[in-house]
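# Breakdown of the fold
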Amino acid sequence: MPEPALASRSHVRQLGARAHYERETIYPIIDAAPLCHVGFEIDGQPYVIPSLHARDRDAILLHGAPDSRLVRHLCAGHPVCVSFTLLDGWVLGRAACSHSMNYRSVVLFGAARPVTSPAQKLRALELLTEHMLPGRWQEVRPPSEEDLCQTAVVAIDIEEASAKVRTGPPVDSGADRTPDIWAGVVPLCMLAGTPVPAGSEQDDTPLSGAVRAYFERQDRANKVK
Ligand SMILES: Cc1cc2nc3c(=O)[nH]c(=O)nc-3n(C[C@H](O)[C@H](O)[C@H](O)COP(=O)(O)OP(=O)(O)OC[C@H]3O[C@@H](n4cnc5c(N)ncnc54)[C@H](O)[C@@H]3O)c2cc1C
């Protein structure tokens, strides 16, 4: 994606050095974000609705009940703005106003279209399931024809997108850099807790391979940190 013109809706104005406009930065943030927020406007009223998402090449996939307002509005082809945020740390300066957050975020614009072919819906539902937990699709009952009828899938073709990334310590002014107040970064990450069985008679079912693999990846990532 080319760098947007200054007047463009995608051009980050404040702290432009933190902005990125290339797929190599934007797509990994979208793929790592557990959820997105979908912004749209109806009769002058803005709405921002959180949702599960998945990415399929240059499109974002969402799913939902066919009669939900979000799905109905998107299926009508209205423009939308979708944001994704990964919170990486509290940035604690010595002055109240030098507090900040380390983050990776994306804002994108696009138009939505319904995904209606059963094969494409199936593929979208696979991507959405795999976005939640890689490997899960192979472990579960695939959607039936009835499931497919009861689930709407929407694709948002990405027209333009920007990322903004903040890393590093707080930026205190020289006068504030005194040793009597602790300053620094408290790293934050999303950690999975102990899995809780569903509570059916099959409570002794061993933990699934996809869940075990998730914890192994989490352990490896924490060792690297
Ligand atoms: C977790 C988090 C916390 C933040 N906290 C604050 C805060 O407390 N105060 C504050 O002023 N700012 C905060 N920001 C930054 C904020 O998101 C905007 O970047 C900021 O308001 C400056 O916007 P602007 O005036 O440059 O651009 P705007 O005119 O608001 O936006 C222009 C365009 O730039 C792009 N853009 C703007 N911000 C982002 C972004 N974060 N990621 C990707 N694209 C973007 C969008 O396409 C947007 O349409 C935070 C960001 C994150 C991710």
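Heads up: these notes are all about the structure in this document. As the structure is a prediction and not an experimental result, all values here were calculated from the model. (Residues numbered from 1 in each chain as written. Predicted model: local features only at pLDDT ≥ 70, side-chain atom pairs only at ≥ 80, totals over all residues. Heavy atoms only, no water.)

## Brief notes about the overall build of the protein chain
This is how the line gets drawn: Numbering of helices and strands runs from the N terminus, with a helix taken as a DSSP run of H or I at least four residues long and a strand as a DSSP run of E at least two residues long. Under the scheme applied here, a residue whose accessible area is under 20% of the maximum for its type counts as buried, over 50% as exposed, and between as partly exposed, the area being computed with a 1.4 Å probe on protein chains only. The contact rule is simple, with two residues in contact once any of their heavy atoms fall within 4.5 Å. Accessible areas in this description were obtained via Shrake-Rupley with a 1.4 Å probe; residue shielding takes into account the shown protein chains only. Counting rule applied: Lys, Arg positive; Asp, Glu negative; His and chain ends not counted. For this purpose, a charge sits on NZ of Lys, CZ of Arg, CG of Asp or CD of Glu.
From N to C terminus, the protein chain includes five helices and nine strands. C-alpha atoms of the protein chain, sized along the principal axes, occupy 65 × 50 × 30 Å. The burial tally for the protein chain puts 35% of its 225 residues in the buried class. Sequence-distant contacts, at least 24 apart, represent 71% of the contacts inside the protein chain between residues at least 6 apart. Split by element, the accessible area of the protein chain, about 13600 Å² in all, is 58% carbon and sulfur. Taking the average place of the 23 positive charges on the side chains of the protein chain and the average place of its 27 negative ones, the gap between the two points comes to 5 Å.

## With respect to the pairing of strand E3 (residues 45-51)
For clarity, the cut-off: In this description, strands pair whenever DSSP reports at least two bridges between them.
As judged from the seven bridges shared by strand E2 (residues 36-42) and E3, these two strands associate in the antiparallel manner. Directly across from Val38, in E3, lies its bridge partner Ile49. In this structure, the hairpin formed by E2 and E3 is closed by a connection of two residues, where Asp43 is found at a positive phi of approximately 55°.

## Observations concerning the site of the ligand
Filter applied, for reference: Nearness is defined per residue: one heavy atom within 4 Å of the molecule or strand is enough. Identification of polar contacts relies on pairs of N or O atoms within 3.5 Å, with a donor-acceptor requirement for protein atoms, meaning one able to donate a hydrogen and the other able to accept it, and with residues adjacent in sequence counted only if both atoms are side-chain atoms. In this count, Pro and Cys sit with the nonpolar residues alongside Ala, Val, Leu, Ile, Met, Phe, Trp and Tyr, while Asp, Glu, Lys and Arg are called charged and the others, Gly among them, polar.
What surrounds the ligand is a group of 16 residues, the closest being Arg9, Gln14, Ser105, Ser162 and Lys164. The backbone of Arg13 places a nitrogen or oxygen atom 2.8 Å from an oxygen atom of the ligand. Breaking the shell around the ligand down by element, the ones donating at least two residues are strand E7 (100-115) and strand E8 (152-166). Along the lines of polarity and charge, the residues of the shell around the ligand split into seven nonpolar, six polar and three charged.

## Concerning the nonpolar core
Formally: Here, nonpolar core refers to any group of buried Ala, Val, Leu, Ile, Met, Phe, Trp, Tyr and Cys residues whose side-chain atoms link them within 4.5 Å.
Within the largest apolar cluster, 26 residues are counted, with the highest numbers of intra-cluster contacts made by Ile30, Val38, Ile60, Val82, Phe84, Leu108 and Ile156. For this core, the secondary-structure elements that each account for two or more residues are helix H1 (23-32), E2, strand E5 (59-64), helix H2 (69-75), strand E6 (79-92), E7 and E8. In terms of residue count, E8 provides more of this core than any other element does, six residues in total. Setting aside anything within four residues of it in sequence, one finds Phe84 in contact with Ile30, Ala33, Leu35, Cys36, His53, Ile60, Arg104, Ser105, Val106 and Leu108. With twelve residues, the next largest nonpolar core counts Ala124, Leu125, Leu127 and Leu128 among its residues.

## As for the packing of aromatic side chains
Rules: Centres within 6.5 Å are what make two rings of Phe, Tyr or Trp a pair, Trp counting through its six-membered ring; a difference in plane orientation under 30 degrees is then read as stacked, over 60 as edge-to-face, and the rest as tilted. Both a distance and an angle decide whether a charge sits over a ring: NZ of Lys or CZ of Arg must be within 6 Å of the ring centre and within 35 degrees of the ring normal.
All chains considered together, the criterion is met by two aromatic pairs. On the basis of an interplanar angle of 25° and a centroid distance of 5.7 Å, the ring pair of Phe40 and Tyr47 is categorised as stacked. According to the relative accessible area criterion, Phe40 is buried, its value standing at 4%. Plain terms: the ring middles of Tyr214 and Phe215 are 6.2 Å apart, the flat faces sit at 80° to each other, and that makes the pair edge-to-face. Under the relative-accessibility criterion, Tyr214 is labelled partly exposed at 24%. Arg69 extends its terminal NZ or CZ atom over the ring of Tyr47, reaching a point 3.7 Å from the ring centre.

## Re the side chain of Thr25
Structurally, Thr25 can be placed in helix H1. The class of Thr25 is buried, set by a relative accessible area of 19%. Among the polar contacts listed, one links the side chain of Thr25 to the side chain of Glu22, at a separation of 2.2 Å. Each residue touching Thr25, except ones within four places of it in the same chain, is listed here: His20, Ala163 and Val165.

## A short note on the pattern of salt bridges
Stated precisely, the cut-off is as follows: The salt bridge criterion pairs a side-chain nitrogen of Lys or Arg with a carboxyl oxygen of Asp or Glu, the two atoms within 4 Å.
A full pass over the atoms with the stated rule returns ten salt bridges. Here Asp172 ties to Arg94 by a salt bridge, and the two come within 3.8 Å at their closest N and O atoms. Placement of the pair is Asp172 in the loop between E8 and strand E9 (184-187) and Arg94 in the loop between E6 and E7, with a sequence separation of 78 residues. For Asp172, a relative accessible area of 5% translates into the label buried. Among the salt bridges present, the one from Arg136 reaches Glu139, with a minimum N-O distance of 2.8 Å. When salt bridges that share partners are traced, they join Arg9, Glu159 and Glu160 into one network.

Don't take any of this as a statement about function, it's just geometry.
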